[in-house]
Amino acid sequence: MSLLSVAGITKRFGGVLANREVSFDVAAGELVGVIGPNGAGKSTLFEIITGFYRPDAGEVRFEGKRLTGLSPDQVSRLGVGRTFQKLRPFQGLTVLENVMVGALQKCHDVGRARAEAREILERVGLADKADAYARTLSTGQRKRLELARALATRPRLLLLDEVTGGVDQRSIPGLIGLVQEVHRAGSTLLVIEHNMRVITAVAQRIVALHLGEVIADGPTEAVTRDRRVIEAYLGQAYT
Amino acid sequence: MRRHGAALVIFGAAALAPLVVRNAFLLDSLILILLWGTLSAAWNVAGGYAGQVSLGHAAFFGIGAYSAALLGTRWDLSPWIALVVGALLSTAASLVIGYLSNRLRGPYFVLATIAFSQVLLIVASRWRGFTQGSEGIPVPFRPGFWTLGFADKTTWVYLALGVALLLYLIQRYLEGSRIGYQLAAVREDEDAAQALGVASRRLKVVAIAGSAALTSVCGTFWAQYVGFVDPFYVFSLDLSVRFALAAIIGGIGTAVGPFFGSVLITTLETYLRATFGGIGAGLVGIYLIIYGCLLIIVVRVIPQGLAGFVGGLSRRP
């Protein structure tokens, strides 16, 4: 049985069709990339999976349980974590406290949650920033914080929205390494990414969206050579 | 102990004052400083820690005050019973507001709370058969602990101090507990909090309900102390603003802030009114203008509030 099953998702905003019968499955342990030009419906799809939007048709299931109709916090408690494309750290809290909020979902003891949060900060390389206020971080550091906070909820499926977007070139290899490390540690990941260098480095499989529809779904090498994907998005074969 | 330093100074001074001070006016000021500080702290539970800024908390204060007056005069019941009844009514009212305005954020929530307190003002001032309408209603004075009738101001100082300490400890608990961190997350960014599994809608309602019940309890004590309930005072927007203002000036979302704010505001107001106010004063209302200007200066100079300012000083090497 697949871990995540997206079946026939359709979402309209007024006259705009953001998602049109989008269907695909993600198996446990996979790292799947979602690509497509701006406006292809990638982020809308993430919002639907995580309960922030309701689809007009179709449903999302996670471990066989229906997510569609649940609130975002219920979805999170079932084991689906996410990061936001437009970063949303808790500005007035310290880096450690940000991560603690995530850890406190499953752990009811504040002291233990603090220890867990410290471990995760160590993992993502933010340990030295633990007591700094989140508002003082650089964009690259905020991306790491966003990831750390989501990891602290111990999700079985993690949705990452543009982990390397807006980050300077030098920080990208570190972030790629981090995503791979998280995957190796046993998480299943669904990753929206614009940077093809990043997606081909990390994803085993790619789902390509165009104008709200799935135009390709398969192994990374096959999708990056797919004629429709090249026409719609890449411009030329990406090798 | 160090992190409780500021609170120890304020509460310690209040505890020792009655041993030295015998002046009724000064003791009265002290009781009011403590009561207004406690009310601000109750407001802070929702407004500061959970970010649910209300300008309608006078509604809950008024419910608590009217409970004391009506249960005392009409059914001859103890104010302790009124305290519980008022708190239950306020909780119920806050659940309704919380539920109705759950999707409202920012200014819309503020407007909903103002509207609610204004509705209660109209009811209390027009329902003559029950509340005696706009004339207001006296709270019976019956000597004794069970009836909360104390001629001696010292007893009131310690009663007010006890409630103040309770609110201080509740706030401290909120700072270090799981629910406290979750409320802070909701305050900072509700969507991000939800994405981490925080049941923000339920938590907001819990915070508002707790804050409302505590505000109502203070309203009961206040009515019992002052001895008269005037609908245009207890349900006024002025009062709601006062709860919020003391917390903001003292340091919003800090445990000691509301008490700092109350010391400053209540002292300033009392002093200015005694000096520039009253019948026969040259310029009627001039004290309010001075008061307003001073508040603007305080907010301008130390926007983080007195608690943050004092904390910053003590952290310096």
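For clarity, every value in this text was computed on a predicted model and none was experimentally measured.

A. Summary view of the overall build of chain A. In terms of regular secondary structure, chain A is built from 9 helices and 10 strands. Its C-alpha atoms give chain A a radius of gyration of 18 Å, within 12% of the compact-globule value 18 Å for 239 residues. In terms of overall dimensions, chain A has a C-alpha envelope of 50 × 40 × 35 Å along the principal axes. In chain A, buried positions account for 48% of the 239 residues.

B. Broad picture of the nonpolar core. By size, the foremost hydrophobic cluster in this structure holds 168 residues, and its most contacted members are V99(A), A148(A), V191(A), L35(B) and C218(B). Counting residues per element, this core draws most heavily on helix α2 (residues 24–49) of chain B, which supplies 14 residues. Once you skip the residues sitting within four places of it in the chain, C218(B) turns out to touch L35(B), T38(B), L39(B), A42(B), F61(B), G64(B) and V163(B).

C. Layout of the pairing of strand β1 (residues 4–13) of chain A. Residue and element names in this part refer to chain A. Where β1 lies against strand β2 (residues 16–26), 7 bridges are found, and the strand directions are antiparallel. The partner of R12 across the bridge, within β2, is L17. The hairpin formed by β1 and β2 contains 2 residues between the paired strands, and G14 there has a positive phi angle of roughly 60°. As paired elements, β1 and strand β4 (residues 57–62) share 5 bridges and run antiparallel to each other. In the strand pairing of β4, V6 is matched with V60.

D. Focus on the interface of chain B and chain A. Contact residues are listed per partner, giving 19 residues for chain B and 23 residues for chain A. Among the elements of the structure, α8 (178–188) and α9 (190–195) of chain B are those that each provide at least two residues to the side of chain B that touches chain A. In terms of residues, the side of chain B that touches chain A owes the most to one element, α8(B), which gives 6 residues. Along the lines of polarity and charge, the residues of the side of chain B that touches chain A split into 9 nonpolar, 6 polar and 4 charged.

E. Region of interest: the pairing of strand β8 (residues 188–192) of chain A. All names here are of chain A. Summarising burial for β8: 5 of the 5 residues are buried, a large majority. The side-chain alternation of β8 yields two buried faces, one formed by T188, L190 and I192 and the other by L189 and V191. As paired elements, strand β3 (residues 31–35) and β8 share 4 bridges and run parallel to each other. Residue pairing across strands places V34 opposite I192, the latter belonging to β8.

F. Focus on unusual backbone geometry. All names here are of chain A. For E21, which is not glycine, the phi torsion reads 45° and is therefore positive. Within the secondary structure layout, E21 lies in strand β2. E21 sits in the partly exposed class, given 14 other C-beta atoms within 10 Å. Non-glycine residue L211 carries a positive phi angle of around 50°. Assignment of secondary structure puts L211 in the loop between β9 (205–210) and β10 (213–219).

Conventions and cut-offs
- Residues numbered from 1 in each chain as written.
- Chains lettered and ligands numbered in written order.
- Predicted model: local features only at pLDDT ≥ 70, side-chain atom pairs only at ≥ 80, totals over all residues.
- Helix = DSSP H or I, 4+ residues; strand = E, 2+ residues; numbered from the N terminus.
- Rg over C-alpha atoms; globule rule 2.2 N^0.38 Å.
- Buried ≥ 20, exposed ≤ 12 C-beta atoms within 10 Å, placed from the backbone.
- Core = buried A, V, L, I, M, F, W, Y, C linked by C-beta atoms within 7 Å.
- Contact = placed C-beta atoms within 7 Å.
- Pairing = 2+ DSSP bridges.
- Nonpolar A, V, L, I, M, F, W, Y, C, P; charged D, E, K, R; others polar.

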